[in-house]
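Survey of secondary and tertiary structure
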Amino acid sequence: MRIVLLGPPGAGKGTLAARLAAHFDIPAVSTGDLFRKEVAAETGLGRRVKEILDRGDLVPDSVTVEIVEKRLKKADAREGFLLDGFPRTVGQAEALARIVELDCVLNLVVSDGEVIRRLSGRRVCPVCGTVYHVEFMPPKDDMVCDRDGAELITRDDDRIDSIKNRLAVYKGQTEPLIGYYAGTGLLLDIDASRSPREVFDAARAAVENRGEPG
Ligand code: AP5
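Residues numbered from 1 in each chain as written. Predicted model: local features only at pLDDT ≥ 70, side-chain atom pairs only at ≥ 80, totals over all residues. Heavy atoms only, no water.

1. Digging into helix 7 (residues 160-174)
- Spanning 15 residues, helix 7 covers 20 Å between terminal C-alpha atoms, matching the ideal 21 Å at 1.5 Å per step.
- Regarding helix 7, the residues found buried are S162, I163, R166, L167, V169, Y170 and T174. Buried residues along helix 7 cover an arc of 165° about the axis, so they all sit on one side. In helix 7, the exposed positions angled more than 90 degrees off the buried face are occupied by K164 and G172. (Helix = DSSP H or I, 4+ residues; strand = E, 2+ residues; numbered from the N terminus. Expected span 1.5 Å × (residues − 1). Buried < 20%, exposed > 50% of the residue type's maximum accessible area, 1.4 Å probe, protein only. Arc of directions from axis to C-beta.)

If you want it as structure tokens, here you go:
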């Protein structure tokens, strides 16, 4: 199964990706996570992209396509994968089409107001990467990770100025992909304004029933 998750920042792509990846037994590949790992390890690439990520702009296509292509060559992605946050431009989509054939593209639909609520309340574990929300998915103990007890942090790009820029970048550069994929017949819209469980159930059913009438 080769799945792409499309949707605005904070739509819940990472949250859904973890559940779908476990269900279909395929790796979830998040370009945001790949870049944040480079930043945390202070590699040459990490130093080059840190400011871009903090502002909420897009990393250039050539760099992004290269990191994805390298990741998809790993053995665990041979039978399938779920791409979270890639492609984000028509250029990236065209490059991906040259590398693999997709089974479907899930487009998470959610309002700007909900995006801002979700991102401003997001907290993440700096050790294992588990994602929480202060209101919708709080940890059991205040501000520490349920899994490893590490103190939760706010992502550098979850400040309101960066969130607004990410939304503008999404509308300018990524939203056109909805039309691009609609033309291929791969696009499946998912109402992502519901609970994580409901969004997962709808996405799983959409993937499993794709191609069936009505
Ligand atoms: P990336 O990490 O991909 O950021 P994003 O697309 O902005 O998406 P987020 O990770 O912020 O949100 P999400 O949709 O995964 O939501 P989540 O599940 O966490 O990219 C970061 C940066 O890397 C980019 O800005 C860019 O600079 C660079 N980059 C990445 N890919 C690139 C590419 N292809 N090309 C160029 N540059 C690239 O959920 C959000 C919050 O809501 C959480 O708190 C969660 O608990 C909560 N939540 C989730 N689902 C629900 C629900 N159903 N109900 C209530 N709350 C929910």
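2. A closer look at the packing of helix 2 (residues 31-40) against helix 3 (residues 44-55)
- It is at 8 Å that the axes of helix 2 and helix 3 come closest, and there the two elements cross at 120°. The angle between helix 2 and helix 3 places the two elements in the oblique class. For the element pair helix 2 and helix 3, the recorded crossing hand is left-handed. In this structure, helix 2 contributes F35, R36, E38 and V39 to the contact, and helix 3 contributes L45, G46, V49, K50 and L53. (Axes fitted to C-alpha atoms, helices over the stretch in contact; angles between N-to-C directions. Parallel < 35°, antiparallel > 145°, perpendicular 65-115°, else oblique. Left-handed = near helix turned anticlockwise from the far one by under 90°. Contact = heavy atoms within 4.5 Å.)

3. Comments concerning the site of the ligand
- Close to the ligand lie 35 residues, the nearest being T15, D57, R88, R122 and R166.
- Interatomic distance of 2.5 Å between a backbone N/O atom of D57 and an oxygen atom of the ligand.
- The contact in question runs from a nitrogen atom of the ligand to an N or O atom on the side chain of R118, over 3.4 Å.
- Within the complex, the protein chains bury 97% of what would otherwise be the 1,000 Å² of accessible surface of the ligand.
- Listed by contribution, the elements that provide at least two residues to the shell around the ligand are helix 1 (13-24), helix 2, helix 6 (112-120) and strand 6 (131-133).
- If one sorts the elements of the shell around the ligand by residue count, helix 2 sits on top with four residues.
- Across the shell around the ligand, the residue classes tally to 14 nonpolar, eleven polar and ten charged. (Near = heavy atom within 4 Å. Polar contact = N/O pair within 3.5 Å; in protein donor to acceptor, adjacent residues only side chain to side chain. Areas by Shrake-Rupley, 256 points an atom, 1.4 Å probe, with all protein chains shown as cover. Nonpolar A, V, L, I, M, F, W, Y, C, P; charged D, E, K, R; others polar.)

4. Side note on the environment of R194
- With respect to the helices and strands, the residue R194 is situated in the loop between strand 7 (187-191) and helix 9 (196-208).
- Between the alpha carbons of R194 and V110 there is a distance of 9.1 Å; along the sequence they are 84 residues apart.
- A polar contact of 3.1 Å, which involves the side chain of R194, links it to the backbone oxygen of D191.

5. Re the nonpolar core
- If you look at the biggest cluster of nonpolar residues, it comprises 27 residues, and the most contacted ones within it are L72, F81, L83, L96, L102, V105 and Y181.
- Those elements giving two or more residues to this core turn out to be strand 1 (2-6), helix 2, helix 3, helix 4 (61-72), strand 3 (81-84), helix 5 (90-99) and helix 8 (176-182).
- Core analysis: the next-biggest nonpolar cluster, separate from the first, contains 25 residues, L20, C104, V110 and V199 among them. (Core = buried A, V, L, I, M, F, W, Y, C linked by side-chain atoms within 4.5 Å.)

6. Brief notes about the sheet that holds strand 1
- Spatially, the five strands line up as an open sheet ordered 2-3-1-4-7, and their pairing is parallel. Whereas interior strands pair on both sides, the edge strands pair on one side only; in this sheet they are strand 2 (28-30) and strand 7. Here the average twist between neighbouring strands, direction ignored, is 25°.
- Here strand 1 pairs with strand 4 (residues 104-109) via four bridges, running parallel. Within the sheet, the bridge partner assigned to V4 lies in strand 4 and is V105.
- Along the sheet, helix 9 makes contact with strand 1, strand 4 and strand 7, crossing strand 7 at roughly 160°. (Pairing = 2+ DSSP bridges.)

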